[in-house]
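Read off the chains here:
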Amino acid sequence: MANPFYDVVVIGSGAGGGTAVHVLTAKGIQCALLEAGPMLDPAKEYKEHKWPHDYDHRGAEEGGKSYFGEGKPFGFFSTTSGGWQLDGEPYTVAPGSQFQWFRSRIIGGRTNHYGRMSFRFADYDFKPYDRDGLGTNWPISYEDISPYYDKAEEFIGVVGSMEGIRSAPDGKFHTPPPAKVHEMLIKKSCDKLGIPCIPNRRAVITKSINGRAACHFCGQCGRGCMTASNYASSQVQVFPAMKTGKLKVYDMAMVREVAVDGNGKVNGVIYVDKRTRKEMRIDCRVCIVAASACESARILLNSKSSAFPNGLANGSGLVGRYLMDTVGFGLSGYVPALEGMPHYDTDGAGGAHLYMPWWLWDKHEKLDFPRGYHIEIGGGYGLPGVGSYHGQARRFGYGAEMKKEIRKGYGAGVGFAGRGEMIPNEHSYMEIDPGVVDQWGIPVARFHFKWTDYEWKQARHMERVFAEIIEGMGGRVTGLSAAQREADGISIPGTIIHEVGTARMGTNAKNSVLNGYGQAHDAKNLFVMDGASFVSNPDKNPTLTINALAWRGCDYLAEEMRKGNV
Amino acid sequence: MFNDPNRREIIRALALGLTAAGVMDADAAQHVHAATGAEKAKGPYKVKAFQPHEYQTIARLAEIIVPKDDISGSAVDAGAPEFIDTLSSQNERLAGIFHGGLAWLDAEMRQRYGKRFVEASPQQQTRMLDVLVAAEKEEAARRSEELVYRRSNDYRQFSNYTVKRPSPLGPGITFFDWVRKMSVDAFYTSPTGIKDLDYRGNRGMSKYVVPQEAIDWAMKRSPFA
């Protein structure tokens, strides 16, 4: 029997793959979408609006798995997404390195669970080398991507406000929800420190678009939204694309390699059907790899042929190199002014309603680290869950006094998380482990990673600033001691789940893997449309830029197909 | 529950409504929240993982850890013993922590007061827990010191440095932390606990409003007054 044939095969159904099938099917192009996990069924799987006491285990999962760190990574109620370790699909970490790799195996990938922060890169973010001599410039500029930020924002829906701040370019926004009380105090404290504190920009809609209902403010985006009032590529892009009749979804399809003909032209994709363990093949005119930065690099490196002995599109030797994550640091505080406040529903639109974009972009001469970070906020009267009060219980012992203190402190805590830019370095990369395969027989990824002083110093800056904000609102820093933070104060690489950079774009086939459209220099009918193409990892969470780049790449691809160039 | 036909129907109706009209109104959203929040009716509980004496001890501990006060009931009222028993019946490792911990506690009580925990006076019971809490705090301080020291340059230079010795009450500290955290979880995730804390959310609404009286309360007490 002949292999199925499609104009375009897309590997991966997250932000990049979801955008690709949405844009391409709308242009009438026949696509196949391969996903290594199962189809998602929101009506069956989402636990939106459930209470912990609806379950005998209250959310601790069967046998109290969550107490042993063996529960779902974001809690029982979180939507189906993936994990740090997947049965039968290992990865390895080189001695002396630390790295944790979060992988999703489900239609929609990590967009099902992500924080939905949707920040545009600033103009200067595309030319980092020109500013401080570190890293590399992107081959594209803000002007190139700006129309696609517009399209992406208008389609997925993002709340926000017009602010005119250079580090955080304005976009096409839905009306943002009002600030909560603790956020108002934080803003006042930031005002004193000269830090802008503005309405958050999250992929949530506050008016109905494309058959999706406006947000109903239950704050449970992470559980999956029954009304698709937030962006997940599954509900917002893949399901509608399936309805066009132009898209065939192959789920449980674990890609082994992208195949090429004798001339080095991509002509198909070879995958293992996880249900039958059979090796299958789909033929195609064009292949888009969007399996997440490290999974995409793994596929390319495993796609060896006589034309590409070091892996597909790896003539530069840069596939897997310049792996970056985001610098993370968090600090919590206790604010007496919030004690005893009349309670109200702080669930809101999910996540914080305000945030602080980077504010010192023109003051680098006064800093001991390059680039910058933004600040995310936590606080409010959260839904009590398993684990919510362990810390306070330890602090207050037990009994009537503990109960009183937990009641008093409920809603009086605030949290700050810094999300900062890492400088790409040669010690941080992934490669194929020569000695290990997964249960599908596919060689696995091996990680090398190192934070440098740039990142450590940035995290110390975050620590000082967060403490100033907390103290400025009459609060006190809680949690770890200063000495503990000093010893342990930066996120474990990979854990912010912003890994990018493993097949970067650039101006030529020597300094990069892809051109500015995500097209491989070495194979014209191969595109990479996930975070792998990133040249730098600005402090803006990557998803919106993945959406915009994929959209731009697909417009270009469709035009090249029309002209007969690919 | 997923299998609750009522909830399934509501969700299906919602999904259909969404496709047809494109908008779910706030009333419909509220309806789902209300329907899914309904409590299940329960018959008398049958203990699965513990001997009657063990279960009695767990219940007494839960009652001391989160006692009844003038605002709400105790962890026992909120189902903590059932919660601990159910999960332990599904997980031998967890059951083992409780079997061993309960036996340790009784042995320690016998040594101190000549009685098992449940037979001791309330004063003796709380005295025992006070000793464990104090030991836990010391232990936490010791570990923190060790963590910081291990990361410091001193540690690299003087590998023979030793910090304080671990507490002899280690098994009791560990066990008490388990029974406490599970009692606290059972309490605060119950309808009683949610009401105790006065959590107002997990519902849908068409417009999100922050009440002025809350804003005024916090501002008046803040440095920005």
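Residues numbered from 1 in each chain as written. Chains lettered and ligands numbered in written order. Predicted model: local features only at pLDDT ≥ 70, side-chain atom pairs only at ≥ 80, totals over all residues. Heavy atoms only, no water.

A.B. asks: Help me understand the packing of aromatic side chains in this model?
C.D. replies: Aromatic ring pairs: the centre-centre distance and the angle between the two ring planes describe each pair. Here the structure, examined in full by the defined rule, presents 43 aromatic pairs over all chains. Ring centres of Tyr517(A) and Tyr556(A) lie 3.8 Å apart, and the angle between their planes is 5°; on these two criteria the pair is classed as stacked. One end of the pair, Tyr517(A), is in the loop between helix H11 (482-488) and strand E18 (526-528); the other, Tyr556(A), is in helix H12 (residues 543-563), with 39 residues separating them in the sequence. An aromatic cluster of at least three residues, connected via ring pairs, comprises Phe329(A), Trp358(A), Trp359(A), Phe369(A), Tyr373(A), Phe416(A) and Phe466(A). Seen from the ring of Trp178(B), Lys181(B) lies directly overhead, with NZ or CZ sitting 3.9 Å from the centre. (Phe/Tyr/Trp six-rings, centres within 6.5 Å; stacked < 30°, edge-to-face > 60°. Helix = DSSP H or I, 4+ residues; strand = E, 2+ residues; numbered from the N terminus. Lys NZ or Arg CZ within 6 Å of the ring centre and 35° of its normal.)

A.B. asks: Before we go on, may I ask you to explain helix H4 (residues 80-90) of chain B in this structure?
C.D. replies: Residues lying three or four places apart along an α-helix face the same way, a consequence of the helix completing one turn every 3.6 residues. Along H4(B), eight of the 11 residues are buried, which leaves the element largely enclosed by surrounding structure. The complete set of buried residues in H4(B) reads Ala80(B), Pro81(B), Phe83(B), Ile84(B), Asp85(B), Thr86(B), Leu87(B) and Ser88(B). (Buried < 20%, exposed > 50% of the residue type's maximum accessible area, 1.4 Å probe, protein only.)

A.B. asks: I keep staring at the nonpolar core and nothing clicks. Help me out?
C.D. replies: The nonpolar side chains of a soluble globular protein tend to be buried with one another. Core analysis: the biggest nonpolar cluster contains 218 residues, and Leu526(A) and Phe98(B) have the highest contact counts within it. When residues of this core are assigned to domains, at least three fall in each of domain 1 (1-47 + 77-116 + 119-157 + 231-324 + 428-450 + 501-566) and domain 2 (165-222 + 327-420 + 452-489) of chain A. Among all residues touching Phe98(B), those that are not within four sequence positions of it are Phe50(B), Ile58(B), Ile84(B), Ser88(B), Phe175(B), Trp178(B), Val179(B) and Met182(B). Among the nonpolar cores identified, the runner-up in size contains five residues, and Met254(A), Val272(A), Trp440(A) and Ile442(A) belong to it. (Core = buried A, V, L, I, M, F, W, Y, C linked by side-chain atoms within 4.5 Å. Domains from an automatic or database assignment. Contact = heavy atoms within 4.5 Å.)

A.B. asks: What is the right way to look at the sheet that holds strand E11 (residues 327-334) of chain A in this model?
C.D. replies: Either a parallel or an antiparallel arrangement is found when strands of a sheet pair, and the pairing is made through backbone hydrogen bonds. Residues and elements named next belong to chain A. A sheet is described by the order of its strands in space; here four strands give the open sequence E13-E14-E11-E17, paired in antiparallel fashion. Because the sheet does not close on itself, it has two edges, and the strands there are strand E13 (373-379) and strand E17 (476-478). Neighbour-to-neighbour, the strand axes of this sheet turn through a mean angle of 30°, independent of strand direction. Where E13 and strand E14 (residues 413-420) come together, seven bridges link them in antiparallel fashion. Bridge pairing in E14 places Glu 376 opposite Ala 417. In this fold helix H10 (residues 453-472) packs onto E11, E13, E14 and E17, with an angle of close to 20° to the strand it touches most, E11. (Pairing = 2+ DSSP bridges. Axes fitted to C-alpha atoms, helices over the stretch in contact; angles between N-to-C directions.)

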